[in-house]
Amino acid sequence: MRIPYRYKVKDAIARVILGRPWRVRHRKLLLCRPRGGLNDILCQIHRCRIYSLFHDRDLWVDTRRSGWHDCMSHWFRTDGHFIFGWPPQALSGRSCLPACLQGRLDTYEAAYSRTINNFVDRQTQEPLSFDFSDSHPEEILVHEQCGGGLDAIKALRHLRLLPELQAKIRRLLGELGTYEAIHIRNTDLTTDYVSFFRTIQVLPSHKVIVCTDDHRCLAYAREFWKDRLIVVHGVPDTGGRPLHFTNALDRHETNVHTLLDLMILASATVLHSCRTSQGRESGFSLLARSLRANPRVMRHLLNG
């Protein structure tokens, strides 16, 4: 995880002027460890960003335990409102909330609880969060939860893709030309994509791109759409598990494909998606629609 350059500069200046590292001057922290897929991750980042601004805390976002399975600094730059990574200063000995993590911030384990439908400390079964409606005197607050919604786009406004990824996506979108895109979630949430494909009316002059987490769906799309289908990348067979729950993958490649799919869906002439068999639209579809409705955010991600 990369330490921002300005922090390295402050540290060097402090060593000269103060005779000690700048990092040892303790500020209150909020440690955000979002869980779930990309939409959940971004929604949790936004929630913590707003809290940290109102309560004057440094916000560190550690995405290694999320469905991203890596530090997001390998794909994104932030505008300085928060930092991807883990604080470089020592955390032991500082007061924290939840209090059950005192002295265990670097070692505690999280577990999903079906009682609260979110994450708890494995040792104590205490929820890994705090009351966002109140200020807290503790030096360190920890929030490790999942949960999506419509706020992901608000977090994306404070992110830019790394230059090499920006160039790759701009080049791909330029090569694709005019197309219609379809998003199908068919792992933990399922979709009757066979019936859905039959309802879609695609203009004769348009190509089709199907973005999905299910390799069987992509195989059927090849048969259904034939030479009208553009396949940008393959989909691994995860045995029905969502990509963000599957560790045995090339995470860099998987995450790049996730970002490619998001930009493809948001840039399509027409975007087709439907509710899953569970009665709700997937978070990734919601995120794609939000990005599509906010072209300024799209331009900032790709050109900022």
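Placed above this text is the structure.
Residue positions are counted from 1 within each chain, in the order its sequence is given. In view of the model being predicted, local features appear only for residues whose pLDDT reaches at least 70, and side-chain atom pairs are presented and counted only at 80 or more, with totals across whole chains, interfaces and linings using the full set of residues. The basis for every side-chain value is the complete set of heavy atoms in the structure, and neither hydrogens nor water enter the calculation.

## Examining the sheet that holds strand β1 (residues 29-32)
Then, number 1: Spatially, the 5 strands line up as an open sheet ordered β4-β2-β1-β8-β5, and their pairing is parallel. A strand with exactly one partner marks an edge of an open sheet, and here the two such strands are β4 (83-84) and β5 (96-97).
Then, number 2: As judged from the 2 bridges shared by β5 and strand β8 (residues 140-143), these two strands associate in the parallel manner. The residue of β8 that forms the bridge with Cys-96 is Ile-140. Here, any two strands with at least 2 DSSP bridges between them count as paired. Helix and strand definitions here come from DSSP, where helices need a minimum of 4 consecutive H or I residues and strands a minimum of 2 consecutive E residues; each element is numbered from the N-terminal end.

## Some points on the packing of aromatic side chains
Then, number 1: The rule is short: rings of Phe, Tyr and Trp, with Trp giving its six-membered ring, pair when the centres are within 6.5 Å, and they are stacked under 30 degrees, edge-to-face over 60, tilted in between. This model, assessed by the stated rule, comprises 13 aromatic pairs.
Then, number 2: Here Trp-68 and Trp-75 contribute two aromatic rings whose centre-to-centre distance is 5.6 Å and whose plane-to-plane angle is 80°, an arrangement assigned as edge-to-face. Trp-75 carries the same exposure label as Trp-68, and that label is buried.
Then, number 3: Pairing Phe-197 with Trp-225 gives two aromatic rings, centres 5.9 Å apart and planes at 65°, and the pair type is edge-to-face. Of this pair, Phe-197 sits in helix α5 (residues 193-199) while Trp-225 sits in helix α6 (residues 215-225), and the two are 28 residues apart along the sequence. With a 1.4 Å probe rolled over the protein chains alone, any residue whose accessible area is under 20% of its type maximum counts as buried; one over 50% counts as exposed, and the rest are partly exposed.

## A few points about the nonpolar core
Then, number 1: The criterion is simple. A nonpolar core is a set of buried Ala, Val, Leu, Ile, Met, Phe, Trp, Tyr and Cys residues joined through side-chain atoms within 4.5 Å. Ranked by internal contacts, the top residues of the largest apolar core, which has 55 residues, are Leu-38, Phe-76, Phe-84, Leu-156 and Leu-291.
Then, number 2: Here the element with the most residues in this core is helix α7 (residues 251-267); it accounts for 8 residues.
Then, number 3: Residues are treated as being in contact if the distance between any of their heavy atoms lies within 4.5 Å. Setting aside its immediate chain neighbours within four residues, Leu-291 contacts Ile-153, Leu-156, Leu-262, Met-263, Ala-266, Val-297, Met-298 and Leu-301.
Then, number 4: By size, the runner-up hydrophobic cluster in this structure holds 16 residues, among which are Trp-60, Leu-91, Tyr-108 and Phe-119.

## A look at the environment of Phe-76
Then, number 1: Note on placement: Phe-76 falls in strand β3 (residues 76-78).
Then, number 2: The sequence separation of Phe-76 and Leu-165 amounts to 89 residues, and the corresponding C-alpha distance is 9.1 Å.
Then, number 3: Contact partners of Phe-76, with chain neighbours within four places excluded, come to Phe-84, Leu-159, Arg-160, Leu-161, Leu-162, Leu-259 and Leu-301.

## A word on the packing of helix α4 (residues 163-176) against α7
Then, number 1: The axes are straight lines fitted to the C-alpha atoms, using for helices just the contacting stretch, and the angles between their N-to-C directions are given from 0 to 180°. Packing of α4 against α7 brings their axes to within 11 Å, and their N-to-C directions diverge by 45°. Comparing the axis directions of α4 and α7 gives the class oblique. When the axes of α4 and α7 are compared, the crossing they make is right-handed. Between α4 and α7, the contacting residues are Leu-165, Lys-168, Ile-169, Leu-172, Leu-173 and Leu-176 on the first element and Val-256, Leu-259, Leu-260, Met-263, Ile-264 and Ser-267 on the second.
Then, number 2: Charged means Asp, Glu, Lys or Arg here, nonpolar means Ala, Val, Leu, Ile, Met, Phe, Trp, Tyr, Cys or Pro, and polar covers whatever is left, Gly included. By residue class, the composition of the contact of α4 with α7 is 10 nonpolar, 1 polar and 1 charged. Any angle that is under 35 degrees is reported as roughly parallel, and any over 145 degrees as roughly antiparallel; angles of 65 to 115 degrees are reported as roughly perpendicular and all others as oblique. For a crossing to be left-handed, the near helix must be turned anticlockwise from the far one by less than a right angle; the clockwise case is right-handed.

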